[in-house]
Amino acid sequence: MNKKVMIMLSILLTFTMCKKKEVEEITTYNEQINGHEYVDLGLPSGLKWATCNVGASLPSEYGNYYAWGEIEPKDNYTQENCLTWGQEIGDISGNPQYDAARANWGGTWRMPTKSEFEELIEECEWEWTSEGENRGYRVTGTNGNSIFLPAAGYWRGTLPNADGMGGYCWSSTPGDYHPQNAYNIIFYSENSFMHWYYRDYGQSVRPVSE
């Protein structure tokens, strides 16, 4: 091997090592609970939010859709096949019989309560943006850390609705007045707010943990 080739190889090796070090320095890894990543948003409650919806492997993916109080996705979302329709059930957070986060992710993962979603709305900055190929909100906490909530829409019957335009995520809190309802967070490009929806709708689940 001649001297010129040796010099070129040395330069290439040095460049490769520098780029590898640079990538290592800028790459950050979120902490995990039971194999799923979370972000500390610096909220007063200290609550940790998962980086993905249940059923998703990336923050931008929609993940699975669940009727309220059900732990398996399905192809058809109706009142007739809704397992909790009309039932008087208390808050389901952490109950593996009804909580899709606890049932599918295990550990200390659970569905957020109505008040915990309200904290997310009130304490964080919400920016409508894109990640990957999907639209949604970049939600940034008081410490500068953030999560992405994709506009996954919802399912009713056998059809998706509002995907790419708005997001619907179940809380663990049942409706105040009717056993057919439960609270959820709804967000479009204009705003985000808490509301209630009929339990048979298929919606996203974003887990939390203490």
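Calculation rules
- Residues numbered from 1 in each chain as written.
- Predicted model: local features only at pLDDT ≥ 70, side-chain atom pairs only at ≥ 80, totals over all residues.
- Heavy atoms only, no water.
- Helix = DSSP H or I, 4+ residues; strand = E, 2+ residues; numbered from the N terminus.
- Contact = heavy atoms within 4.5 Å.
- Polar contact = N/O pair within 3.5 Å; in protein donor to acceptor, adjacent residues only side chain to side chain.
- Buried < 20%, exposed > 50% of the residue type's maximum accessible area, 1.4 Å probe, protein only.
- Pairing = 2+ DSSP bridges.
- Axes fitted to C-alpha atoms, helices over the stretch in contact; angles between N-to-C directions.
- Phe/Tyr/Trp six-rings, centres within 6.5 Å; stacked < 30°, edge-to-face > 60°.
- Core = buried A, V, L, I, M, F, W, Y, C linked by side-chain atoms within 4.5 Å.

Chemist: I'd like to hear about the environment of asparagine 134, residue by residue, with values.
Modeler: Locating asparagine 134 in the fold gives a position in strand β5 (residues 134-140). Measuring from C-alpha to C-alpha, the distance between asparagine 134 and methionine 165 comes to 9.5 Å, with 31 residues separating the pair along the chain. Residue contacts for asparagine 134: discarding those within four places in its chain leaves Ser60, Glu61, Tyr62, Thr129 and Phe148. At a separation of 2.7 Å, a polar atom in the side chain of asparagine 134 contacts the main-chain carbonyl oxygen of serine 60.

Chemist: Any details on the pairing of strand β9 (residues 166-174)? Residues and values, ideally.
Modeler: Residues in a regular strand project their side chains so that they alternate between the two faces of the sheet. Most of β9 sits inside the fold, with nine of its nine residues counted as buried. With six bridges connecting them, β9 and strand β10 (residues 181-188) associate as antiparallel partners. Across the sheet, cysteine 169 pairs through a bridge with isoleucine 185, a residue of β10. Here β9 folds back onto β10 in antiparallel fashion, the turn holding six residues.

Chemist: Account for the sheet that holds strand β4 (residues 125-131), with residues named and values stated.
Modeler: Spatially, the three strands line up as an open sheet ordered β4-β5-β6, and their pairing is antiparallel. The sheet is open, and its two borders are formed by β4 and β6 (146-150), each paired with just one other strand. This sheet shows a mean twist of 30° between the axes of neighbouring strands, independent of strand direction. Both β4 and β5 contribute to a ladder of seven bridges, which runs antiparallel. Bridge pairing in β5 places glutamate 131 opposite asparagine 134.

Chemist: Report on the packing of aromatic side chains, specifying residues and quantitative values.
Modeler: Scanning the entire structure with this criterion turns up 16 aromatic pairs. Ring centres of tyrosine 77 and tryptophan 155 lie 6.5 Å apart, and the angle between their planes is 55°; this geometry places the pair in the tilted category. A residue pair is termed long-range when its members are at least 10 positions apart, and tyrosine 77 in the loop between β3 (48-50) and α2 (100-105) and tryptophan 155 in strand β7 (residues 154-156) qualify at 78 residues. What makes tryptophan 155 partly exposed here is its relative accessible area of 22%. Each ring, one from tryptophan 126 and one from phenylalanine 187, has its centre 6.2 Å from the other, and the planes form 55°; the classification is tilted. In this pair, tryptophan 126 is assigned in strand β4 and phenylalanine 187 in strand β10, connecting sequence segments 61 residues apart. There is no split in this pair, since tryptophan 126 and phenylalanine 187 are both buried. Connected via pairs of aromatic rings, a cluster forms that spans Tyr154, Tyr168, Tyr188, Tyr197 and Tyr201.

Chemist: An account of unusual backbone geometry is needed here, citing residue identities and associated values.
Modeler: The phi dihedral of asparagine 34 falls on the positive side, at around 55°, and the residue is not glycine. Turning to its location among the elements, asparagine 34 is positioned in the loop between β1 (32-33) and β2 (36-40). A positive phi is found at alanine 162, a non-glycine position, where the angle reads about 65°. Within the element layout of this structure, alanine 162 appears in the loop between β8 (159-161) and β9.

Chemist: For the nonpolar core, give the residues involved together with the corresponding values.
Modeler: Grouped together as the largest cluster of nonpolar side chains are 23 residues, with contacts concentrated most on Trp68, Met111, Trp170, Tyr197 and Val205. Mapped by element, the contributors of at least two residues to this core are α2, β9 and β10. A total of three residues in this core trace back to one element, the largest contributor, which is α2. Setting aside anything within four residues of it in sequence, one finds tyrosine 197 in contact with Tyr154, Tyr168, Trp170, Gln180, Asn181, Ala182, Asn184, Ile186 and Gln203. Membership of the second largest hydrophobic core comes to 19 residues, among which are Leu41, Trp126, Tyr137 and Leu149.

Chemist: Could you give an account of the pairing of β6, with specific residues and numbers?
Modeler: Taken across its five residues, β6 has four buried, putting it largely inside the fold. Hairpin remark: β5 followed by β6, antiparallel, with five residues in the connecting loop; positive phi at glycine 144, about 90°.

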